[in-house]
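Breakdown of the fold
Each chain, written out:
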Amino acid sequence: MPRYTVHVRGEWLAVPCLNCTNTVGWLGKEAVRRYMKNKPDNGGFASVEEVKFYIRRCKGLGLLDLDDTVEDALEDNEFVEVVIEGDIMSPDFIPSQPEGVHLYSKYREPEQYISLDGNSLTTTDLVNLGKGLYKIKLTPEAEAKVKQSREVIESIVKEQTVVYGITTGFGKFARTVIPNSKLRELQVNLVRSHSAGVGKPLSPERSRMLLALRINVLAKGYSGISLETLQQVIEAFNASCLPYIPEKGTVGASGDLAPLSHLALGLIGEGKMWSPKSGWADAKYVLEAHGLRPITLKPKEGLALINGTQMITSLGCEAVERANAIARQADIIAALTLEVLKGTTRAFDTDIHAVRPHRGQAEVAFRFRSLLDSDHHPSEIAESHRFCDRVQDAYTMRCCPQMVFAERAETISGGNFHGEYPAKALDYLAIGVHELAAISERRIERLCNPSLSELPAFLVTEGGLNSGFMIAHCTAAALVSENKALCHPSSVDSLSTSAATEDHVSMGGWAARKALRVIEHVEQVLAIELLAACQGIEFLRPLRTTTPLEKVYDLVRSVVRPWMKDRFMAPDIEAAHRLLVEQKVWEVAKPYIEKYRREHIPESRPISPTAFSLGSLEVNTGAGHDRGHQDGL
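Scoring rules and cut-offs
Residues numbered from 1 in each chain as written. Predicted model: local features only at pLDDT ≥ 70, side-chain atom pairs only at ≥ 80, totals over all residues. Heavy atoms only, no water. Helix = DSSP H or I, 4+ residues; strand = E, 2+ residues; numbered from the N terminus. Buried < 20%, exposed > 50% of the residue type's maximum accessible area, 1.4 Å probe, protein only. Axes fitted to C-alpha atoms, helices over the stretch in contact; angles between N-to-C directions. Parallel < 35°, antiparallel > 145°, perpendicular 65-115°, else oblique. Left-handed = near helix turned anticlockwise from the far one by under 90°. Contact = heavy atoms within 4.5 Å. Nonpolar A, V, L, I, M, F, W, Y, C, P; charged D, E, K, R; others polar. Pairing = 2+ DSSP bridges. Phe/Tyr/Trp six-rings, centres within 6.5 Å; stacked < 30°, edge-to-face > 60°. Polar contact = N/O pair within 3.5 Å; in protein donor to acceptor, adjacent residues only side chain to side chain. Core = buried A, V, L, I, M, F, W, Y, C linked by side-chain atoms within 4.5 Å. Salt bridge = Lys/Arg side-chain N within 4 Å of Asp/Glu carboxyl O. Disulfide = S-S within 2.5 Å. Expected span 1.5 Å × (residues − 1).

1. Describing the overall build of the protein chain
In terms of regular secondary structure, the protein chain is built from 22 helices and 11 strands. Looking at the 633 residues of the protein chain, the share that counts as buried comes to 55%.

Structural data, given as C-alpha cells:
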C-alpha cells in the first residue's frame, strides 16, 4: 500500500493511500483532515471542505495538478507539501528545501565508493564526498578495529566499572554514577540536551562532509562505537539522509558538541532531516522513506558520535581546497592584468627569485613566465610597448605576496577532541588568503583609473553616460575591508564553559566559518578583476595577448559579453565567480603551464600537490624577451 508524507503548516503527516486512483486533491484533503484532527480547535477550520489549498512537491517545489491521480503524479513514499491559501510563509525558511538546494535537482546517487580506514582520507576526497560523488564503505581492517574497540566497552558495562561517559554523567556530572538500566537513556539524553545550536542549517554539501569525516574518525576504532551502529551511520550517508545541523553553537573545546549532537539527533530519528528525495521533514519519516531505521544508541555511542572537531575540520578542508584553487587562478588573472596594463616581466626573472629561495614564490614566478614568456607565446600587446620609457611597475604588479603552508584493553580520557590546532591553522589561512584579494583590489583600481592604465575611465566608452566598472571596484573594496575584520583570529578568544570544566576553548567553529567567508570574498574580488582585465583587452584590440591568456579571455567571453554600455552587472560577476569556483580558468591555462614546465625542468620545482600549500599570489614573468620598460632597483 503506497503512502505519502505530507507537510501541513509545520507538521508532517503520514497518509496511506488504499486506492491508487485517488487524486492529488484527495491526498491534500486527507492530510488536512488529519491535521485538523490533531488540533483542539480544528486548526481554525470549520470543515475540510472549506479549506482551499494547493500542493507542491518537496523536491523542486513543483506544483501538482489536484485532478491527477496519485499513481500518475507521485512515487511511493514521496514527500509533498499542502499550502493553505491565505497563509503567509516566512521568507527566511522554506520547510522543504535548504539554501542552495536548486543544485540538487540534478542529484544522482553515486555508484562509486571510497573505502575509509580512518587514516587515508584526503581533503580532496572529503570535498568530493561532500559533493555526493561517492558512497562510503569501511575497509576490513577498520571493521576489525571497531569490533575490538567495542568489546572493551561491553566488558566495562558488564563488569559495571566506573568510566567517564559510559557509566557516569558528563562534564560537571562526571562523578555521578549511572545505573546499568539507564545507560542507553544516558546516551539519548546527551544527544538531545546538547542539540542546542542556532542559525541556518549547514548546506547539504557541508552536512555530507561533516558526516563523512565523523565516519572516518569512528573508523579508526578508538571511540567504542559498535560496528552495527557505524554501519547505520554509513547507510544514512549513502542515502544522503542529512540531519539539520545549525551552523552556530560550537566553541570547539570538547569538540564541536552542538553541531555533532544535531547530527546524531537526526540519526536517532529525532529533529529534522533532509534528503534529495524528501526535502526537509521529520527525521523518522526521511529515514523510513529510504528504508532505514533510526539508530538505537548503546552505552558510550552518543558520546562517540558527538565528541570531535569534525565541523571545524570539515569546513577547514573546504577552505583549504578552495584557497588552493583560487590561489592558482589568481596567478592567471594577475598575469592577464599585467598584460593589459603593459607591465614588464623583468621583475620576475629566474635569477631574481633564486636569490630569495622561497618555493611558493619561485613556483608562482614560473607560472607567470609560462603564461607570458614571449619566446613561447608571442604577444602583440607586449610588442607594442617593448621600447617604452617606463622604468618599473608598481608594487601590486611586481611584488605580489608569496605564501607557503608548507593495543590496551582500557579507556583513557584525553583531550584530542580540542579544536585549538585546526582553529589556529584556519585563522592563519584566512589571513594568508586575504592578501590575494587585497592586492587584486589594487590592480582593479589601476585598471579603472585612466591616469594609471591609459585606458578609458572605469573601462567603458561614453563615461558619464556609462559608469562601467565604477561600482564593481567599490564592491571589491568593500569585500576587502570586510575581510580585514574577518581576519581577526577567533582562536585568541576563549570563554570558560561547562561550569569551568572546559575552561579554555578554541572558537574553532567560527574560525572555520569565517575562513570560508574570507575565501568566498577573495573569489568574488578576483572575479571582478578577471572581468576588468578582459574588458581592458577590448580597448587594446586588434592587438592580441599570449595564446594561453587569449584562451582565458575566450573562456570569460563564453559566459560574459563585452561591456559596451551599462547593464545589470551582478550576474556577470556571479558568472565569473562560478568560473573560478569550478576552476575553469585553471583548467584552460594549466596545459600551457605544464608544457612550459616540461621544457624548463631544471628551472622549476613545483610545489607538491599533496601538500597543504597556498601557492602564492605573485605577478611574476620574464624568462624570455624583456616585455617593455627597463627594470630599475
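2. Some points on the packing of helix α11 (residues 310–340) against helix α22 (residues 584–599)
One can describe the packing of α11 onto α22 by two numbers: an axis separation of 9 Å at closest approach and a directional angle of 65°. The angle between α11 and α22 falls in the class roughly perpendicular. Viewed along their axes, α11 and α22 form a crossing whose handedness is left-handed. Across from Arg 328, Gln 329 and Ile 332 in α11, the residues of α22 making contact are Lys 584, Val 585, Trp 586 and Ala 589. Here the contact of α11 with α22 is composed, by residue class, of four nonpolar, one polar and two charged.

3. Concerning the pairing of strand β2 (residues 11–16)
Bridge count between strand β1 (residues 3–8) and β2: six bridges; the pairing is antiparallel. Residue pairing across strands places Thr 5 opposite Ala 14, the latter belonging to β2. Here β1 folds back onto β2 in antiparallel fashion, the turn holding two residues, of which Arg 9 has a positive phi close to 45°.

4. Quick word on unusual backbone geometry
Note that the residue after Arg 541, namely Pro 542, is joined by a cis bond; omega there is 15°. Note on placement: Pro 542 falls in the loop between α19 (508–538) and α20 (547–557). With a phi close to 55°, Lys 342 is a non-glycine residue in the positive phi region. Under the relative-accessibility criterion, Lys 342 is labelled partly exposed at 22%. Its identity is not glycine, yet Gln 583 carries a phi of approximately 60°, on the positive side.

5. Observations regarding the packing of aromatic side chains
Inspection of the entire model under this criterion finds five aromatic pairs. For the pair Tyr 164 and Phe 170, a centre-to-centre distance of 6.2 Å together with 85° between the ring planes defines the contact as edge-to-face. A relative accessible area of 35% means that Tyr 164 is categorised as partly exposed. With relative accessibility at 15%, the residue Phe 170 sits in the buried group. Ring plane angle 55° and centroid distance 5.0 Å describe the contact between Tyr 244 and Trp 280, whose orientation is recorded as tilted.

6. Points about the sheet that holds strand β8 (residues 242–243)
Overall, antiparallel pairing links the three strands, which are arranged β8-β10-β11 in an open sheet. Strands with a single pairing partner mark the edges of an open sheet, and in this sheet they are β8 and β11 (279–282).

7. Regarding the packing of α19 against α20
It is at 10 Å that the axes of α19 and α20 come closest, and there the two elements cross at 105°. It follows that α19 is roughly perpendicular to α20 by the angle criterion. On α20, the residues that touch Leu 530, Leu 531, Cys 534, Gln 535, Ile 537 and Glu 538 of α19 are Val 552, Tyr 553, Val 556 and Arg 557. In terms of residue class, the contact of α19 with α20 is built from seven nonpolar, one polar and two charged.

8. A closer look at the sheet that holds β1
The mixed open sheet is built from four strands, whose spatial order is β2-β1-β4-β3. Of all the strands in the sheet, just β2 and β3 (53–57) have a single pairing partner and so form its edges. Strand-to-strand, the axes of this sheet are offset by a mean angle of 30°, without reference to chain direction. Relative to strand β4 (residues 79–84), β1 runs parallel, the two sharing four bridges.

9. Here we look at the environment of Gln 535
Counting through the fold element by element, Gln 535 comes out in helix α19. As a C-alpha pair, Gln 535 and Phe 469 span 66 residues in sequence and 9.5 Å in three-dimensional space. With residues up to four places along the chain from it excluded, the contact list for Gln 535 reads Leu 459, Phe 469, Arg 557, Pro 562 and Trp 563. Only 2.9 Å separates the side chain of Gln 535 from the backbone oxygen of Trp 563, close enough to count as a polar contact.

10. Observations regarding the nonpolar core
Soluble, globular proteins show a tendency: their nonpolar side chains are buried together. Formed by 151 residues in total, the largest nonpolar core has its most connected members in Ile 215, Phe 469 and Leu 530. Setting aside chain neighbours within four positions, we find Ile 215 in contact with Leu 116, Ile 136, Leu 230, Val 233, Ile 234 and Phe 237. Counting residues in each nonpolar core, the second largest holds 24 residues, with Phe 53, Leu 64, Ala 73 and Val 80 among its members.

11. A closer look at the side chain of Gln 310
Position of Gln 310 among the secondary structure elements: in helix α11. Of the polar contacts made by the side chain of Gln 310, one reaches the side chain of Arg 214; its length is 2.5 Å. Apart from residues lying up to four places away in sequence, Gln 310 is in contact with Leu 210, Leu 213, Arg 214, Val 217, Asp 256 and Leu 260.

12. Things to note about the pairing of β11
Remark: a regular strand shows side chains that alternate across the two faces of the sheet. With four bridges connecting them, strand β10 (residues 272–275) and β11 associate as antiparallel partners. Looking at the pairing, Met 273 lines up with Ala 281 of β11. Here β10 folds back onto β11 in antiparallel fashion, the turn holding three residues.

13. A look at the pattern of salt bridges
The final tally for this structure, using the stated rule, is 27 salt bridges. Residue Glu 288 pairs with Arg 3 through a salt bridge whose shortest N-O separation is 2.9 Å. Here Glu 288, found in helix α9 (residues 283–289), pairs with Arg 3, found in strand β1; they are 285 residues apart in sequence, far enough to count as distant. Here Glu 288 falls in the partly exposed class, since its relative accessible area comes to 37%. Judged by relative accessible area, Arg 3 falls into the partly exposed class, the value being 23%. For Lys 272, the salt bridge is made with Asp 282, and the minimal N-O distance between the two is 2.7 Å. Linking Lys 272 in strand β10 with Asp 282 in strand β11, this pair joins segments that are 10 residues apart in sequence.

14. Describing the state of the cysteines
Evaluated as defined, the whole model comprises zero disulfides. Cys 474 takes part in no disulfide bond, and the closest cysteine sulfur to it belongs to Cys 448, at a distance of 9.3 Å. The exposure class assigned to Cys 474 is partly exposed, which follows from its relative accessible area of 42%.

15. Notes on helix α1 (residues 24–37)
Side chains of residues three or four places apart in an α-helix project in the same direction, reflecting 3.6 residues per turn. A rise of 1.5 Å per residue sets the reference length of α1, with its 14 residues, at 20 Å; its end C-alpha atoms lie 20 Å apart and thus fit the reference within 8%. Residues of α1 that are buried in the fold lie against β1, β2, β3, α2 (70–73) and β4.

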